[in-house]
Amino acid sequence: MEQSLNERKTPLWLLSFVVTLPTFFAFLATSATNVALPHIAGSFGSTNDEAKWVVTSYMVANGIFLPLTGWLERKLARLNFLKIFILIFTLGSVICAIAPNLLTLILGRVVQGIGGGVLMPLSQSILLQEFPKDRKGDAMAIFIFAIMVSSIMGPTVGGLLVDNFSWQWIFIINIPVGIISLIAIPFLVPDTEKDNKKEKVDYIGLMFLIFWLFTMQVVLDKGQQYGWFDCDWICWLSWFSLTSMFFFIVWELEIKNPIVNLRVFKDMNFFVGTILGTLVNALVCVTVILIPQFFQGIMHYTASQTGLSLSSRVISVIPLLFIGKLCKMFDVRLIIAVGLGLIGASITLCTNLNLESAPNAIVLSNILFGFGSVFAIVPVTAIALGTLSKEKIANAAGVHSLTKCVAGSVFTSLASSFAISFSQVHQSHLLKNMTVYNPAFNAHFSALKTALMHYNPACIAANKANALLYKQLIVQTKLYALVDLFQIAALVTFIAIPLVILFKVNSTPPAKQK
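Residues numbered from 1 in each chain as written. Predicted model: local features only at pLDDT ≥ 70, side-chain atom pairs only at ≥ 80, totals over all residues. Heavy atoms only, no water.

### Description of the environment of Val406
Phase 1: Structurally, Val406 is set in helix α19 (residues 393-430).
Phase 2: Residue class for Val406 comes out buried when judged on its relative accessible area of 14%.
Phase 3: As a C-alpha pair, Val406 and Thr278 span 128 residues in sequence and 8.9 Å in three-dimensional space. (Helix = DSSP H or I, 4+ residues; strand = E, 2+ residues; numbered from the N terminus. Buried < 20%, exposed > 50% of the residue type's maximum accessible area, 1.4 Å probe, protein only.)

Right, here's the structure in full:
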């Protein structure tokens, strides 16, 4: 006979480890897969655009189940919920590891996304519910530690596995973790009571949610390839996605028993905390995309070297050791403001990247970003969810995670699109300097042509010199585009700092809403 919630006395450190372990590897699978896409495409003889569905399928399935966390926990009870979805995630990892073709791999990623989508908000909810009220900061520090380390180490681990073994190992390493979690969780994690109350399932809200997230992700993934709104089907799909989102929000706010309770946004701390948490998550996603673009796309480093360039962010584990105490000693709004300031300073340092930058050139930037992320995310998450009543935390954690997931997808896609657009703008500007009327260009061109004439006729040497100069031009335009994006990201971060004054730091858990 299983122990009841009150009888189970699992030490908090052991509970935290068991709960965050599957979440850690679920998040690791997401960030590690990105660096393996070229290898996956080559393995199955597919294009890079086709291989992107490996990421897209996971994010869609993940996003759909994120906001369902609270409802599923009520209906299944906590232990059943955990066991079922960890099993689904493990099964998805097995399918991905043995996939004979790209279609099977995409199917495996969908299964992985279904299982892994709820693990992050559920582990967050469990920690907040089981830790004492005066240790909410410690609970969030542990949760953020698992998420940050997995997101930081994901590209490094993925690069090392791909370069030294094969891309299948990204999924193989999840299998033993899933098995261990399935064995340990029933003995260590407190259960909750199953809600046997009969109520109508909100199938209409679920349908609108699926339509919205699926079409949105397709638009974000394929928009750049097909010229965004110059393409008719992209326009129609965008309108369909926005319409589905609108009806989803209206329906969930009006229905008596919504599958996703959006009324939690009435809580000011949750509302502001979700905005700031979403911003920080978007900045993490954007920088994890842009920095590899610089080192791989411009400097031509390997996947392993690129992953290692981001690994210095792991130093953020240091402030996680004392962030809980800082939240008790100082006004959390001040800590959040300092965190956002450090993130802004970190991104500002990235605007100094140039063609002579080595991988260690962003070490200081990574350290500042790691510290700033901890100072911002931990108190933001704790204050956003900490003032809600206990029965609302699971649902609120799912909504909070969904918002961050959607924003991460949108800003990642926009960053990639703007990188191309800004590069084209800079190319148009710099091409004006590649003319015979520019003495500097003439001198550089003549020097290259003279050097090449040792091995080629004059006409061929001239063509090769032009080609080399144009190649340098393309590299410069890509660099300028990335610098522009870093400047915009830093500016947005600094602008967001005044929002911290909207937090109500002395709020008490609200009364149970009707």
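Having seen the structure, we can now continue with the description.
### Considerations on the packing of aromatic side chains
Phase 1: One pass over the full model with this rule turns up 13 aromatic pairs.
Phase 2: Seen from their ring centres, Phe165 and Trp169 are 5.9 Å apart, and the 50 degrees between their planes marks the pair as tilted.
Phase 3: When its relative accessible area of 59% is taken as the criterion, Phe165 is described as exposed.
Phase 4: Taking the relative accessible area as the measure of exposure, Trp169 reaches 38% and is therefore partly exposed.
Phase 5: Plain terms: the ring middles of Phe371 and Phe375 are 6.3 Å apart, the flat faces sit at 85 degrees to each other, and that makes the pair edge-to-face. Of the two residues, Phe371 and Phe375 are both situated in helix α18 (residues 363-386); the distance of 4 residues between them amounts to about one turn of the helix.
Phase 6: Chaining the aromatic ring pairs together yields one cluster made of Phe44, Trp167 and Phe171. (Phe/Tyr/Trp six-rings, centres within 6.5 Å; stacked < 30°, edge-to-face > 60°.)

### Notes on empty space enclosed by the protein
Phase 1: Going through the model one piece at a time under the given rule, you end up with 1 cavity of 30 Å³ or more.
Phase 2: The volume enclosed by the largest cavity comes to roughly 50 Å³.
Phase 3: Taken together, Met59, Val60, Gly63, Leu213, Met216, Gln217, Leu402, Cys405, Val406 and Ser409 form the lining of the largest cavity.
Phase 4: Within the residue set of the lining of the largest cavity, elements represented by two or more residues are α3 (53-65), α11 (203-222) and α19. (1 Å grid on protein atoms, 1.4 Å probe; cavity = no way out; pocket = protein on both sides within 12 Å on 5 of 7 lines; lining within 4 Å. Points joined across faces, edges and corners; volume = space filled by probe spheres on them.)

### Side note on the packing of α3 against α11
Phase 1: Closest axis-to-axis distance for the α3/α11 pair is 9 Å, and the angle between their directions is 155 degrees. As the angle between them shows, α3 and α11 are arranged roughly antiparallel. Read as a crossing pair, α3 and α11 show a hand that is right-handed. Here Trp53, Thr56, Met59, Val60, Gly63 and Ile64 of α3 come into contact with α11, specifically with Leu206, Leu209, Ile210, Leu213, Phe214, Gln217, Val218, Asp221 and Lys222.
Phase 2: Here the contact of α3 with α11 is built from residues that sort into 10 nonpolar, 3 polar and 2 charged. (Axes fitted to C-alpha atoms, helices over the stretch in contact; angles between N-to-C directions. Parallel < 35°, antiparallel > 145°, perpendicular 65-115°, else oblique. Left-handed = near helix turned anticlockwise from the far one by under 90°. Contact = heavy atoms within 4.5 Å. Nonpolar A, V, L, I, M, F, W, Y, C, P; charged D, E, K, R; others polar.)

### Things to note about a nonpolar patch on the surface
Phase 1: On the surface, a cluster of nonpolar side chains totalling about 590 Å² of accessible area is made up of Ile204, Met207, Ile210, Phe211, Phe214, Phe240 and Trp251.
Phase 2: Those elements that provide at least two residues to the nonpolar patch are α11 and α12 (232-254).
Phase 3: Considering every element that reaches the nonpolar patch, the biggest residue donor is α11, with 5 residues.
Phase 4: Counting through the fold element by element, Phe214 comes out in helix α11.
Phase 5: Residue Phe214 is classed as partly exposed on the basis of its relative accessible area, which comes to 44%. (Patch = residues over 30% accessible without salt bridge, like charges linked within 9 Å, V, L, I, M, F, W, Y side chains within 5 Å. Areas by Shrake-Rupley, 256 points an atom, 1.4 Å probe, with all protein chains shown as cover. Salt bridge = Lys/Arg side-chain N within 4 Å of Asp/Glu carboxyl O.)

In short, geometric facts, not functional conclusions.
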